Amino acid sequence: LLVKDFDKCFKFYSETLGLHVTWGKAGGEYASFDIGMPSGLSLFKSDLMARAVGNSEKQLPSGKREKMAIVLKVNDVDASYSALVSKGVTFINEPTDMTGWGMRAAHFRDPEDNLIEIWSELAREKWDNDLLEDSKEFET
């Protein structure tokens, strides 16, 4: 994830979200976090990447629809939602059963407006009929 304010984002992911840091520290230029796999999410200063790929003159996009989302599986969306709200995270929506997706989910943004989803599986009996039918294709 390319960020402008590395320290603010590092603090958000390490302290607010409580993700385990596998590399890096505040004041640095790169950090990685364990999201169920070591180094599954990394932060890197956007200006450094822009220089590396030769587009430093371009501006970061804003005011557009997301092209990516950080998706984090949690054991209990409602408990995670409550814990994050108590840490000052403002959510876009409350935990909601997404019966067509087979999950319960809630969404919020990091300090640089990146979309984050927390989710947990819904019991199969809560899935909608289309998802149940589609899942038959992938059962072994």
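I will try to describe carefully the structure that is included in this document.

Conventions adopted
Residues numbered from 1 in each chain as written. Predicted model: local features only at pLDDT ≥ 70, side-chain atom pairs only at ≥ 80, totals over all residues. Heavy atoms only, no water. Helix = DSSP H or I, 4+ residues; strand = E, 2+ residues; numbered from the N terminus. Buried < 20%, exposed > 50% of the residue type's maximum accessible area, 1.4 Å probe, protein only. Contact = heavy atoms within 4.5 Å. Pairing = 2+ DSSP bridges. Axes fitted to C-alpha atoms, helices over the stretch in contact; angles between N-to-C directions. Patch = residues over 30% accessible without salt bridge, like charges linked within 9 Å, V, L, I, M, F, W, Y side chains within 5 Å. Areas by Shrake-Rupley, 256 points an atom, 1.4 Å probe, with all protein chains shown as cover. Salt bridge = Lys/Arg side-chain N within 4 Å of Asp/Glu carboxyl O. Arc of directions from axis to C-beta. Polar contact = N/O pair within 3.5 Å; in protein donor to acceptor, adjacent residues only side chain to side chain.

### Quick look at the side chain of S80
Then, in step 1: Along the chain, S80 falls in helix α3 (residues 77–86).
Then, in step 2: By relative accessible area, S80 is classed as buried at 18%.
Then, in step 3: Those residues in contact with S80 that sit more than four places away from it in its chain are V74 and I118.

### Concerning the sheet that holds strand β7 (residues 103–109)
Then, in step 1: The four strands lie next to each other as β5-β8-β7-β6, forming an open sheet whose pairing is mixed. The sheet is open, and its two edges are formed by β5 (70–73) and β6 (96–98), each paired on a single side. Across this sheet, the average inter-strand angle for adjacent strands is 35 degrees, counted without regard to direction.
Then, in step 2: Examined bridge by bridge, β5 and strand β8 (residues 115–121) share four bridges and lie parallel to one another.

### Details of a nonpolar patch on the surface
Then, in step 1: A cluster of nonpolar side chains, contributed by L2, M49 and V53, occupies part of the molecular surface with about 250 Å² of accessible area.
Then, in step 2: As for its placement among the helices and strands, M49 is situated in helix α2 (residues 46–53).

### A short note on α3
Then, in step 1: For α3, the full list of buried residues reads V77, S80, Y81 and L84. Projection of α3 onto a plane perpendicular to its axis shows the buried side chains occupying an angular sector of 105 degrees, all on one side.
Then, in step 2: On its buried face, α3 sits against α1 (6–16), β7 and β8.
Then, in step 3: Of the residues flanking the start of α3, the one acting as N-cap is D76, its side-chain oxygen 2.9 Å from the backbone nitrogen of D78.
Then, in step 4: Just downstream of α3 lies G88, where phi reads positive at about 95 degrees.

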